Structure formats: structure tokens, C-alpha cells
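Coordinates in review
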Amino acid sequence: MRKLAARLKSEGLHARAAELLEHQLQSRAQDVAQGPLSIEVAELHLLAGRPARALAVLRRTADTLYPEAMTIARVRLEAIALFQSGQQEAALAILADQPGTSDLREELQWRRRDWTALARTAPPADRRMTEVTQVRILRRAIAMAMVGDEAGLEVHGPLGVGA
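Our subject in this report is the structure included herewith. (Residues numbered from 1 in each chain as written. Predicted model: local features only at pLDDT ≥ 70, side-chain atom pairs only at ≥ 80, totals over all residues. Heavy atoms only, no water.)

The tally for this structure, following the rule as stated, stands at 1 aromatic pair. Relative to Trp115, the ring of Trp110 lies with its centre 5.3 Å away and its plane at 75°, an arrangement referred to as edge-to-face. Here Trp115 falls in the buried class, since its relative accessible area comes to 16%. (Phe/Tyr/Trp six-rings, centres within 6.5 Å; stacked < 30°, edge-to-face > 60°. Buried < 20%, exposed > 50% of the residue type's maximum accessible area, 1.4 Å probe, protein only.)

So this is what it looks like as C-alpha cells:
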């Protein structure tokens, strides 16, 4: 079934792949085995433009205690599904105290045009100048400029260090 779902996904048939794997999730997977499968099903529902279905899958499989990395992945997907469902505040709220989600939180703030919150974010901890880090720094600088934090830009710069 997983091979067929992978082929459907590769052809852009995300909804069909999600339905196929969701059947497997409901009928066969148990306990911790539900974790990776629920993540995959939720991702496919999101790709198919069905955030409510993604939320339903994540919530139906939330009773199990998953490893930390899997829990973070599930929280990230839940936040994306909430955001896509128009529940932007709820999406940001569940990310508030979660480790490893600052990049997603910043992305959601950017999409909301919440310049004040984005300007207050900590600079990226990763000092390697990857494309993602460059985008995060640029967006932070734009947000600081949008809220008129010229002093912050001059003193600290978007990197959070002396300019």
C-alpha cells in the first residue's frame, strides 16, 4: 500500500494517497507506529488542501506518547493545518513554547504581516548563511523597518549583533 501511495503522491494525487494511507492508519497501525503514518497522512491532506482532515488525523492519533522529534513534527503540522483553516492565533499559540519551531513561527508571522512580532523574534541561531537563514534575516530586517525600529537595525542589525 505504501508503494502505491508513494506513486499517487509523485503524480500529485495527494488526496487519494492520503485516503489510502488513512485506511491503513485506522485499520492496522497501533501505538507508536501511528506516529510516522499519521504525519505522512496529515502532510498529504495538507498538500491536497484539506487542513481539517489533517487536523482530524493528528487529533485521532494524539493519545500515544511519541518520541520528541515525532511530537515536534506533529505540532508543526497541526499549526500549519490550523493556519490554513483560518485559525491563525491558535496556530501561533501551539508553537509558542515548542522547541524547534521558531522558523515556522516566523513564517506564519510573515504571512500574517505581523511585523511587530516578527521584528521582536530572536535572530537565527544558525550563523551559517544558508538560503533559509538569509531569508529569515532579510524578513526580520523588513519587519524591523516596517515597525520603524531603525535604531534596532543600526545598533543590532537583523543578525542581532553590531552592524
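On to the pattern of salt bridges. Scanning all chains against the criterion turns up 11 salt bridges. Between Arg111 and Glu107 there is a salt bridge, with its nearest N and O atoms 2.7 Å apart. One end of the pair, Arg111, and the other, Glu107, are both in helix 7 (residues 102–112), 4 residues apart, so they sit about a helical turn from each other. Classification of Arg111 by relative accessible area gives exposed; the value is 57%. The partner of Glu107 in a salt bridge is Arg139, with the nearest N and O atoms 2.4 Å apart. (Salt bridge = Lys/Arg side-chain N within 4 Å of Asp/Glu carboxyl O. Helix = DSSP H or I, 4+ residues; strand = E, 2+ residues; numbered from the N terminus.)

Moving on to the environment of Ala90. By secondary structure assignment, the location of Ala90 is in helix 6 (residues 88–95). C-alpha separation for the pair Ala90 and Glu78, spaced 12 residues apart in sequence, amounts to 9.8 Å.

When you line up the elements, Arg140 lands in helix 9 (residues 131–146). For Arg140, a relative accessible area of 9% gives the class buried. Sequence-wise, Arg140 and Gln84 are 56 residues apart; in three dimensions their C-alpha atoms are separated by 23 Å.

So, on to the nonpolar core. Grouped together as the largest cluster of nonpolar side chains are 19 residues, with contacts concentrated most on Leu77, Ala91, Leu95 and Leu108. Filtering out sequence-adjacent residues up to four positions away, Leu77 remains in contact with Ile39, Ala42, Glu43, Leu46 and Leu58. The next biggest cluster of nonpolar side chains, apart from the first, holds 10 residues, and it includes Ala5, Leu8, Leu44 and Val57. (Core = buried A, V, L, I, M, F, W, Y, C linked by side-chain atoms within 4.5 Å. Contact = heavy atoms within 4.5 Å.)

Another point: the packing of helix 5 (residues 68–84) against helix 6. For the pair helix 5 and helix 6, interaxial distance at closest approach is 7 Å and the crossing angle is 165°. On the basis of their axis angle, the class for helix 5 and helix 6 is roughly antiparallel. The handedness of the crossing between helix 5 and helix 6 is left-handed. The residues of helix 6 that touch helix 5, namely those facing Val75, Glu78, Ala79, Leu82 and Phe83, are Gln88, Ala90, Ala91, Ile94 and Leu95. (Axes fitted to C-alpha atoms, helices over the stretch in contact; angles between N-to-C directions. Parallel < 35°, antiparallel > 145°, perpendicular 65-115°, else oblique. Left-handed = near helix turned anticlockwise from the far one by under 90°.)

In this structure, Thr61 sits in the loop between helix 4 (51–60) and helix 5. Owing to a relative accessible area of 4%, Thr61 belongs among the buried residues under this scheme. Among the polar contacts listed, one links the side chain of Thr61 to the side chain of Arg74, at a separation of 3.0 Å. With near-sequence residues (within four places) excluded, Thr61 lies in contact with Leu25, Gln34, Ser38, Tyr66 and Arg74. (Polar contact = N/O pair within 3.5 Å; in protein donor to acceptor, adjacent residues only side chain to side chain.)

Spatial relationships are all this shows, so hold off on functional conclusions.
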